[in-house]
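Reading the structure
Read off the chains here:
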Amino acid sequence: MKERYVFIFDYNGGWMILLYEDGINMKYFNSAENGWDNSLDYVNQFIENGGKKYYYMFPSYDLVKDIDVFKLENRPIESLENYLLK
């Protein structure tokens, strides 16, 4: 079975969603180009048969701007631990 996981970054009116399969970024959504509801529907279908979702909510994009979001591993981001929703 393929390892699927999703990172959702929700910040000060903007957001981005990254979908990974076996450590490779397969899809990317963001508030400038995509709709929130349609993107979340895609996420739910992507991980419906097993997968991990990491949802982060923080006050500013500045907290994630220096992280290479296209190369994330299937584990929480240590520097954003306080913003991870459970």
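Residues numbered from 1 in each chain as written. Predicted model: local features only at pLDDT ≥ 70, side-chain atom pairs only at ≥ 80, totals over all residues. Heavy atoms only, no water.

Description of the side chain of Asn30
Heads up, the condition is: Note on conventions: DSSP H or I runs of at least 4 residues are helices, E runs of at least 2 residues are strands, and numbering of each starts at the N terminus. Residues adjacent in sequence count toward polar contacts only when both atoms are side-chain atoms; beyond that, a polar contact is any pair of N or O atoms within 3.5 Å, and within protein one must be able to donate a hydrogen and the other to accept it. Residues are treated as being in contact if the distance between any of their heavy atoms lies within 4.5 Å.
Position of Asn30 relative to the elements: it lies in strand S3 (residues 24-30). Here the side chain of Asn30 touches Glu33 through a polar contact of 3.0 Å, landing on its backbone nitrogen. Apart from residues lying up to four places away in sequence, Asn30 is in contact with Trp15 and Met16.

Concerning the nonpolar core
To be explicit about the condition: Buried residues of nine kinds, namely Ala, Val, Leu, Ile, Met, Phe, Trp, Tyr and Cys, make up a nonpolar core once their side-chain atoms join them within 4.5 Å. Here the term buried applies to any residue with accessible area under 20% of the maximum for its type, exposed to any over 50%, and partly exposed to those in between, with areas from a 1.4 Å probe on protein chains only.
Core analysis: the largest hydrophobic core is formed by 16 residues, its most contacted members being Phe7, Phe9 and Tyr56. Contributing elements (two or more residues each) for this core: strand S1 (4-11), strand S2 (14-21) and strand S4 (52-58). Those residues in contact with Phe7 that sit more than four places away from it in its chain are Met16, Ile17, Leu18, Tyr20, Tyr54, Tyr56, Leu72, Glu73, Arg75 and Ile77. If you look at the next biggest cluster of nonpolar residues, it comprises 10 residues, including Ile8, Trp15, Leu19 and Tyr55.

A word on the pairing of S2
Within a regular strand, side chains alternate between the sheet's two faces. Where we set the bar: Pairing between two strands is assigned when DSSP locates at least 2 bridges connecting them.
Of all eight residues in S2, eight are buried, a share of seventy percent or more. Burial along S2 is two-sided: Gly14, Met16, Leu18 and Tyr20 facing one way and Trp15, Ile17, Leu19 and Glu21 facing the other are all buried. Judged from the eight bridges that link them, S1 and S2 form a sheet pairing that is antiparallel. By the bridge assignment, Arg4 is partnered in S2 with Glu21. Adjacent in sequence and paired antiparallel, S1 and S2 are bridged by two residues, among which Asn12 carries a positive phi angle near 30 degrees. In this structure, S2 lies alongside S3, joined through six bridges in antiparallel fashion. Bridged to Tyr20 within S3 is Asn25. Between the end of S2 and the start of S3, which pair antiparallel, lie two residues, with Asp22 showing a positive phi angle near 50 degrees.

Quick word on the sheet that holds strand S5 (residues 84-85)
Rules: The convention used is that axes are lines fitted to C-alpha atoms, helices contributing only their stretch in contact, and that angles between N-to-C directions extend from 0 to 180 degrees.
Pairing is mixed in the open sheet, where five strands are placed in the order S3-S2-S1-S4-S5. Edge positions in the sheet fall to S3 and S5, since each of these pairs with one other strand and no more. Relative to S5, S4 is paired through two bridges, and the arrangement is antiparallel. Paired with Tyr55 across the two strands is Leu85, which belongs to S5. Along the sheet, helix H1 (residues 36-46) contacts S1, S2, S3 and S4; its crossing angle with S2, the most-contacted strand, is approximately 20 degrees.

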